[in-house]
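Structural description and commentary
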Amino acid sequence: MNKYTQKIETLFPEMVKWRRHLHMNPELSFQESETTQFIFDKLSEWGINAIKSKNNGVIGTIYGDKSGPTVALRADIDALPIQDEKKVRYASQKKNIMHACGHDGHTASLLSIAKILQEDRSELTGNVRLIFQPAEEQYPGGALSIIEDGALEDVDVIYGVHLWTPLQTGIASSVAGPIMASVDEFKIKVIGKGGHAGLPHDTVDSTLVGAQLVVQLQSIVSRMINPIEPAVVSVGSFHSGESFNIISSLCTIKGTVRTFNDKIRAYIQERFTHICKQIGELYGAEIELDYINVYPPVVNHKNETNRFIKMKESEIVHAEISTSPLIMAGEDFSYYLKKVPGCFMFVGAGNEEKGMNFPHHHPKFDFDERAMKNAVELLLGMTLDYMYVNASNG
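Read on for an overview of the structure. (Residues numbered from 1 in each chain as written. Predicted model: local features only at pLDDT ≥ 70, side-chain atom pairs only at ≥ 80, totals over all residues. Heavy atoms only, no water.)

1. Some details on the sheet that holds strand β6 (residues 171-174)
- The mixed open sheet is built from eight strands, whose spatial order is β1-β2-β4-β3-β5-β16-β6-β15. With partners counted over all chains shown, the strands left at the sheet margins are β1 (49-52) and β15 (320-323), one partner each. Direction aside, the axes of adjacent strands within the sheet are offset by 25 degrees on average.
- Pairing geometry for strand β3 (residues 66-76) and strand β4 (residues 125-133), over eight bridges, is parallel. Within β4, the residue paired with K66 across the bridge is T125.
- Seen against the sheet, helix α3 (residues 103-119) touches β2 (58-63), β3, β4 and β5 (157-168) and runs at an angle of roughly 160 degrees to β3. (Pairing = 2+ DSSP bridges. Helix = DSSP H or I, 4+ residues; strand = E, 2+ residues; numbered from the N terminus. Axes fitted to C-alpha atoms, helices over the stretch in contact; angles between N-to-C directions. Contact = heavy atoms within 4.5 Å.)

Structure, rendered in structure tokens:
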């Protein structure tokens, strides 16, 4: 057993304790003040230079005794507005707020890495930037603001992981190029002319216009996008009227668009604008479109994805290394990868035998805590390999 495996095993009970404390005390995006203080106190206790960012994040730096590159590692720290329905001792103590996506595990994993590497800094050939980022779950996200606060200053490469219950514990996956989709949000307001349901000719039926919009917007992907290019247009909310015998004057539609290609992303937005204009003119309705570009796609750099594949040979990493499929979920880790090279990786955290197979953002979401060991191993392996290779090349 190598020294890092031993350190991780020794630290694991404390890692679980941190994760469960965070799980019991979740905080929503841009409101993570107690979580930030918890992280800041731990880093300060270990002698790590740290600052609080302006939106409740923490940026810490471990300075190795030997000169070399700076590797950044990122964990997101926010929770979701969901009621925790799990029957466990560490269930959320806050009504309608829970860690339903694994961010508590990401935070505990990065805290573990911080403690291990701070104790081992005399052997580090370079520095490690610790980024505890707020507000991954809520637009405009916390990545841009924490980057503005200096998170990537002098950074050469960045790595991040996502504990992922669709993947069995003991497996890690990634892929070069696009791995997670861009995220766009649309809000449509159809303003018609209400009236009696028995006299439709005296109205402009916003419900009918809204229904036509839903149908026509689906045709963008089915008939206007090359079938080999992944793209999704999903309507998640449709609301019009309150009574059976009144034609509503207002219909509101909300949804999301997911793509992996910037050109297709822009084209879909253009088609949205065109379709809304034409449908409005056809039925004599006023249509207001609010189309928000939320996060760009997460695009892994080839060299760093190759480093991930190389972890098959690492003495530190014990997870099975595999190729990830494309994931239609989004992540503001994409902003880091637009600034510096890096790789985003999925770490399997599902365990059907333990009932830990609920999807992310589900009220009963939980993950196999052993997956945190795999996350720590993977990030340590990537960090130390990058330092070793680049110190050797230098």
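The rest of the description comes next.
2. A word on the layout of surface pockets
- Reported here for the largest pocket is a volume of approximately 670 Å³.
- E137, V183, R258, G330 and H361 are the residues nearest the centre of the largest pocket, which is lined by 29 residues in total.
- Secondary-structure elements contributing two or more residues to the lining of the largest pocket are β5, β8 (182-191), β10 (231-240), β12 (250-259) and β13 (286-295).
- In terms of residue count, β12 provides more of the lining of the largest pocket than any other element does, four residues in total.
- Across the lining of the largest pocket, the residue classes tally to twelve nonpolar, ten polar and seven charged.
- There is about 410 Å³ of room inside the second largest pocket.
- Forming the walls of the second largest pocket are 19 residues, and the residues nearest its centre are I316, G381, L384, D385 and Y388.
- Per-element accounting of the lining of the second largest pocket gives the leading share, six residues, to helix α9 (residues 371-393). (1 Å grid on protein atoms, 1.4 Å probe; cavity = no way out; pocket = protein on both sides within 12 Å on 5 of 7 lines; lining within 4 Å. Points joined across faces, edges and corners; volume = space filled by probe spheres on them. Nonpolar A, V, L, I, M, F, W, Y, C, P; charged D, E, K, R; others polar.)

3. Looking at helix α2 (residues 33-45)
- Here α2 spans 18 Å end to end across 13 residues, near enough to the 18 Å set by a 1.5 Å rise per residue.
- Buried within α2 are the following residues: T35, T36, F38, I39, K42 and L43. Each buried residue of α2 sits inside an arc of 160 degrees when the element is viewed along its axis, so together they form one side. Turned more than 90 degrees off the buried face of α2, the exposed positions are E34 and E45.
- Packed against the buried residues of α2 are α1 (3-24), β1, β2, α3 and β4. (Expected span 1.5 Å × (residues − 1). Buried < 20%, exposed > 50% of the residue type's maximum accessible area, 1.4 Å probe, protein only. Arc of directions from axis to C-beta.)

4. So, the sheet that holds β8
- An order of β10-β12-β8-β13 is seen for the four strands of this open sheet, with the pairing classed as antiparallel. Every interior strand has two partners, whereas the edge strands, β10 and β13, have only one. Going from strand to strand, the sheet's axes swing by 15 degrees on average, the running direction of each strand aside.
- Inspection of the sheet shows β8 paired to β12 by ten bridges, in the antiparallel sense. Paired with E185 across the strands is T256, a residue of β12.
- Its contacts with the sheet place helix α5 (residues 206-224) against β8, β10, β12 and β13, and it is angled at close to 170 degrees to β10.

5. Things to note about the pattern of salt bridges
- Overall, the coordinates contain 22 salt bridges when judged by the stated rule.
- A salt bridge links D385 to R307, with the nearest nitrogen and oxygen atoms 2.8 Å apart. Of the two residues, D385 is situated in helix α9 and R307 in helix α7 (residues 302-310); the sequence distance between them amounts to 78 residues.
- Each of R19, R20, D104, D366 and E369 takes part in a single network of salt bridges with overlapping partners. (Salt bridge = Lys/Arg side-chain N within 4 Å of Asp/Glu carboxyl O.)

6. Focus: unusual backbone geometry
- Following Y139, the chain continues into P140 via a peptide bond in cis, with omega recorded as 5 degrees.
- Along the polypeptide, P140 turns up in the loop between β4 and α4 (143-148).
- Residue D154 is not a glycine yet carries a positive backbone phi of 65 degrees.
- Residue D154 is classed as exposed on the basis of its relative accessible area of 62%.

7. Observations regarding the packing of aromatic side chains
- Following the criterion strictly, the structure yields eight aromatic pairs and no others.
- When the ring of F272 is compared with that of Y291, the centres are 5.2 Å apart and the planes differ by 70 degrees; the resulting orientation is edge-to-face. On the criterion of sequence distance, the pair formed by F272 in helix α6 (residues 262-283) and Y291 in strand β13 is long-range, its members being 19 residues apart. A single burial state applies to F272 and to Y291, both of which are buried.
- A ring pair is formed by Y295 and Y335, whose centres lie 6.2 Å apart and whose planes are at 85 degrees; its orientation type is edge-to-face. Of this pair, Y295 sits in strand β13 while Y335 sits in helix α8 (residues 334-339); the two residues are 40 residues apart in sequence, bridging distant segments of the chain.
- Stacked on the ring of F40, the Lys or Arg K52 has its end atom at 5.2 Å from the ring centre.
- One Lys or Arg, K373, reaches over the ring of F12 and ends 4.8 Å from the middle of that ring. (Phe/Tyr/Trp six-rings, centres within 6.5 Å; stacked < 30°, edge-to-face > 60°. Lys NZ or Arg CZ within 6 Å of the ring centre and 35° of its normal.)

8. Quick word on the nonpolar core
- Of all hydrophobic cores here, the largest spans 64 residues; its most connected members are L43, L130, F132, Y159, M345, L378 and L380.
- What L380 contacts, discounting residues up to four positions off in sequence, is Y4, I8, I113, I116, L117 and I316.
- Formed by 28 residues, the second largest nonpolar core is a distinct cluster that contains I146, A151, V155 and M180. (Core = buried A, V, L, I, M, F, W, Y, C linked by side-chain atoms within 4.5 Å.)

9. Remarks on the pairing of β8
- Of the pairings in the sheet, the one linking β8 to β13 comprises nine bridges and is antiparallel in character. Of the residues in β13, the one forming a bridge with K189 is E288.

So, to be careful, I would describe these as geometric facts and stop short of saying anything about function.
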